[in-house]
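These are the residues of each chain, in order.
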Amino acid sequence: MNSKQNISGAGLAIGLGLIAIASVIGFDTVQMRVPPTYARVGPQIFPYIIAIGMAITGAHIAWKSYRGGDDVIDEVEPTDWKSVGIIVAGLIAHMNLLKPLGFVPAGLILFLSVAFAFGSRRYGRDAIVGFLLVLFAYVGFTYGLGLQLPPGILKGLL
Amino acid sequence: MESFLSLMDGFATALTPINLMWSLVGVTLGTLIGILPGIGPALTIALLLPVTRNLDPTGAFIMFAGLYYGAMYGSSTTSILLNTPGESGSIMTAVEGNMMARQGRGAAALSTAAIGSFVAGTLGTLALTFLAPLFVKLALLFGPAEYFSLMVLAFTTVSALLGASISRGVAALLLGLAFGLVGTDVLTGQPRLFFGYPSLLRGIDIVVVAVGLFAVGEALFMASQSRLRTAEILPIKGSLFMTREEWRRSWKPWLRGAAIGFPFGALPAGGTEIPTFLSYFLEKKLTKHPEEFGRGAIEGVAGPEAANNAAVAGVLVPLLALGLPTSATAAILLAAFEQYNLQPGPLLFAGSSTLVWGLIASLYIGNVMLLVLNLPLVGLWVRLLTIPQPLLYGGILVFSTLGVYSLSNSTFDLFLLFVVGIIGFLMRRHEFPVAPCIIGLILGPFAEAHFRRALSISQGDPSVFVTHPLSAVLLALAAAVIIVPIIIRRVKHV
């Protein structure tokens, strides 16, 4: 078996990503100014242990993915990146529009983007179901359970 | 005897109309989310945490426990009729149960699953009733060093036994521990990993992480795999009344499933998945009809379905007596205890015995409710399976963002949810287990507190962890869990 053919890009990236997170934790912990009374068993020990553990695990995963073998992390199935992108866009729109537009319109946008990403093309049905669901959730949670959800453009109407 | 009297008091609590109502709400909601693929008990309880903050804790826990049991009942229906496990504890049920449904024996499969769940759930609850007080006595022997070592054992078993490889499990655990570091250190007030964001000073809420991994990550993953989007729902065929033959072939697997499920739930090994696998392979070995396995053997449904319900009762033993979560759902339940300022362990049994025994008693009642809900009414529940996937996931994400936003009315939490969701997507895509991450997040701060407390008692001498015998045994077990599988693999390779 030619191991060079088995290099897994995803596994390598994940391994290196873990090493990156480990260095962020390590860097943050080095910079802490801790009063000497706590120096021995202070707030720094655990972060160091976690950072070291994560760096070792990351290196292990990266090395295995580079070398190839039975334990590789790899692309398993073809990925529909377009659908992933649509949901990501929906989530970003939702978090930015929630306060200015309000819970109902922002939630509806999120709902429609997810439905579209899952392959639904029945826009009318999705819009009606989504609108009723979001409206029901808003009314139920604000009046029933006393949560404060942003009313946005529908302020005064609901 | 002591347990029996406490249990009677518990029934007095659980049988009040308001608590019966919470139990009914819990088991109904549990069945619902168990049946719906893509939403499980850990996610649902996490989403309920912000809205139950002002409830009476007894009622809330009765609801949560009913929900956990109910999810195990409901998920078998999905496994049998849709060939997609509703929860990870029903993966094996999907193998034989779906084959039975294809041969027109779906009703019998549903019956043996529901009755088996009832038998095993009740036996498991009985075992919980009498074992939990014993575990509490054990817990009294535990000091900070022992607690820390116990948590290390939980960390290593969860990371070694779940997921596609040990390194993936360990990476998921460390990620969870790192999430747990964010915020103000409780003992010294030192801010850690907050990157200048004041919102991060109070830490990353477990609800954000659980919802991010289970809902957002899962939705992104399902959307990315178009082949997972179509599934065929089989109609229920046959009689829900099992034949004499079916009873004869079911009762032993039920009992064996319960006997496997309960201890494995109680061990820090990740809850319901492993015992259901074990039960399946045991039944496959013991059956007089080996030719039916893989083609719809009733034993392969009866055993695993009993095992997953008994495992749920098992999970509650270390959770209530030691504060040790052994599954993702148990980790969320521990967060619920935190929310009400309750500390599981001997103090909980002494100080909040109404809650503990009311909760345990409610499990007996909940099991009866679930049997009624799931057998005669199964035809109604099945209609849930016809909800189109685009609408289902749209709804899940709307409620997920709602729950996370309502934690502190902050869009920053929604941003965190998004980031964790991306991480969850990558984990799901590359077969990293999620449970170690959740358990690491909730248990990490406890482990750290016990670690530092033990060291300050010993004045900085780290040998406390190995000179205390109980602690040394736990650490040795923890090391063995990681090392033994590696040695076995090496030996096999040679």
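Because the structure is a prediction, the values reported are computed rather than measured.

Chemist: Outline the overall build of chain A, listing residues and values.
Modeler: Counting its secondary structure elements, chain A contains 5 helices and 0 strands. Across chain A, helices and strands are ordered from the amino to the carboxyl terminus as α-α-α-α-α. Buried residues in chain A amount to 33% of all 158 residues. Contacts in chain A between residues far apart in sequence, at least 24 positions, make up 64% of those at least 6 positions apart.

Chemist: For the overall build of chain B, give the residues involved together with the corresponding values.
Modeler: Broken down by element type, chain B carries 21 helices and 2 strands. Over its C-alpha trace chain B gives a radius of gyration of 22 Å, about what one expects of a compact globule, namely 23 Å for 494 residues. C-alpha extents for chain B along the principal axes are approximately 70 × 65 × 50 Å. Among the 494 residues that make up chain B, the fraction classed as buried is 63%. Sequence-distant contacts in chain B: of pairs separated by 6 or more residues, those separated by 24 or more amount to 79%.

Chemist: Kindly report on the environment of Gly74 of chain B, identifying the contributing residues and their values.
Modeler: All names here are of chain B. Summarising the element assignment, Gly74 is placed in helix α4 (residues 57-82). On the basis of neighbour count, Gly74 is assigned to the buried category, with 31 C-beta atoms found within 10 Å. Spatially, the C-alpha atom of Gly74 lies 28 Å from that of Val420, the residues being 346 residues apart in sequence. With residues near it in sequence (within four places) discarded, Gly74 still touches Gly30, Thr31, Leu32, Ile33, Gly34, Ile35, Gly86 and Trp381.

Chemist: Tell me about the interface of chain A and chain B, residues and numbers included.
Modeler: Listed per partner, the contact involves 53 residues of chain A and 46 residues of chain B. Contributions of two or more residues to the side of chain A that touches chain B are made by α1 (9-30), α2 (45-67), α3 (81-101), α4 (103-117) and α5 (123-144) of chain A. Residues of the side of chain A that touches chain B, tallied by class, amount to 34 nonpolar, 12 polar and 7 charged.

Chemist: Please provide a residue-by-residue account of the domain arrangement of chain A, values included.
Modeler: The domain boundaries assigned to chain A delineate domain 1 (3-67) and domain 2 (81-154). Centre-to-centre, using C-alpha coordinates, domain 1 of chain A lies 38 Å away from domain 2 of chain A.

Chemist: Give a description of α4 of chain B that names residues and reports values.
Modeler: Residues and elements named next belong to chain B. The end-to-end C-alpha distance of α4, which contains 26 residues, comes to 36 Å, matching closely the 38 Å that a straight helix rising 1.5 Å per residue would cover. A large share of α4 lies buried, amounting to 25 of its 26 residues. Immediately beyond the C-terminal end of α4, within one or two residues, lies Asn83, with a positive phi of roughly 60°.

Chemist: An account of unusual backbone geometry is requested, with residue identities and associated values reported.
Modeler: All names here are of chain B. Even without being glycine, Asn409 reaches a positive phi, approximately 45°. Within the fold, Asn409 resides in the loop between α17 (389-408) and α18 (411-429). Positioned with a positive phi, Gln459 is a non-glycine residue whose angle comes to about 55°. As for its position among the elements, Gln459 is in the loop between α19 (435-457) and α20 (464-467). Classification of Gln459 by C-beta neighbours within 10 Å gives exposed; the count is 9.

Chemist: Outline the confidence of the model for chain A, listing residues and values.
Modeler: When the pLDDT values of chain A are averaged, the result is 86; 86% of them are 70 or greater. Overall, residues 1-5 of chain A carries pLDDT values under 50, and its contacts beyond four positions in sequence, including any with other chains, amount to 2 contacts.

Chemist: Could you give an account of helix α10 (residues 244-266) of chain B, naming the residues involved and the relevant values?
Modeler: The end-to-end C-alpha distance of α10 of chain B, which contains 23 residues, comes to 34 Å, matching closely the 33 Å that a straight helix rising 1.5 Å per residue would cover. Remark: the principal bend of α10 of chain B, roughly 25°, maps to Ser250 of chain B, with a proline, Pro253 of chain B, within the next four residues.

Chemist: Break down the nonpolar core for me, citing the residues and quoting the values.
Modeler: Counting residues in each nonpolar core, the largest one holds 211 residues, and the members touching the most others are Ala210, Val211, Ala219, Ile332 and Ile438 of chain B. With 16 residues, helix α6 (residues 106-140) of chain B is the largest single contributor of residues to this core. Taken together, domain 1 (3-67) and domain 2 (81-154) of chain A each give at least three residues to this core, which thus spans both.

Chemist: Give a description of the packing of helix α3 (residues 41-51) of chain B against α4 of chain B that names residues and reports values.
Modeler: Residue and element names in this part refer to chain B. The interhelical angle for the contact between α3 and α4, taken along N-to-C directions, is 155°, at an axis separation of 10 Å. By the criterion of interaxial angle, the relationship of α3 to α4 is roughly antiparallel. Every pair of crossing elements has a handedness; the one defined by α3 and α4 is right-handed. When α3 is examined against α4, the residues Pro41, Thr44 and Ile45 are found in contact with a partner set consisting of Phe64, Leu67, Tyr68 and Ala71. The class makeup of the residues in the contact of α3 with α4 is 6 nonpolar, 1 polar and no charged.

Chemist: Outline the environment of Ala435 of chain B, supporting the account with residue identities and numerical values.
Modeler: Within the element layout of this structure, Ala435 of chain B appears in helix α19. Each C-alpha atom of the pair Ala435 of chain B and Ala12 of chain B lies 35 Å from the other, and the pair is 423 residues apart in sequence.

Chemist: Just give me the short version of the packing of α4 of chain A against α5 of chain A, but keep the residues and values in it.
Modeler: All names here are of chain A. At their nearest, the axes of α4 and α5 sit 9 Å apart, and the two run at 140° to each other. Classed by the angle they form, the pair α4 and α5 counts as oblique. For the pair α4 and α5, the sense of crossing is right-handed. Across the interface between the two elements, Phe103, Val104, Gly107, Leu108, Phe111, Leu112 and Ala115 from α4 touch Asp126, Ala127, Gly130, Phe131, Leu133, Val134, Leu135 and Tyr138 from α5. Classifying every residue of the contact of α4 with α5 gives 12 nonpolar, 2 polar and 1 charged.

Chemist: A description of the confidence of the model for chain B should follow, citing residues and the corresponding values.
Modeler: Residue and element names in this part refer to chain B. Taken over all residues, the pLDDT of chain B has a mean of 90, while the share at 70 or more is 99%. Mean pLDDT values for the elements of chain B range from 86 in helix α16 (residues 378-382) up to 95 in α18. The complex model carries a pTM of 0.91, and its ipTM stands at 0.92.

Chemist: How would you sum up the environment of Leu153 of chain B? Please name residues and give values.
Modeler: All names here are of chain B. Relative to the helices and strands, Leu153 resides in helix α7 (residues 144-161). Among the residues examined, Leu153 registers 22 C-beta atoms within 10 Å and is labelled buried. Taking the C-alpha atoms as reference points, Leu153 and Arg489, 336 residues apart in sequence, are found 21 Å from one another. In contact with Leu153, other than residues within four places in its own chain, are Pro268, Leu474, Leu477 and Ala478.

Rules and cut-offs
Residues numbered from 1 in each chain as written. Chains lettered and ligands numbered in written order. Predicted model: local features only at pLDDT ≥ 70, side-chain atom pairs only at ≥ 80, totals over all residues. Helix = DSSP H or I, 4+ residues; strand = E, 2+ residues; numbered from the N terminus. Buried ≥ 20, exposed ≤ 12 C-beta atoms within 10 Å, placed from the backbone. Contact = placed C-beta atoms within 7 Å. Rg over C-alpha atoms; globule rule 2.2 N^0.38 Å. Nonpolar A, V, L, I, M, F, W, Y, C, P; charged D, E, K, R; others polar. Domains from an automatic or database assignment. Expected span 1.5 Å × (residues − 1). pLDDT = per-residue confidence, 0-100. Bend = angle between axes of the 7 residues up to and from the residue. Core = buried A, V, L, I, M, F, W, Y, C linked by C-beta atoms within 7 Å. Axes fitted to C-alpha atoms, helices over the stretch in contact; angles between N-to-C directions. Parallel < 35°, antiparallel > 145°, perpendicular 65-115°, else oblique. Left-handed = near helix turned anticlockwise from the far one by under 90°.

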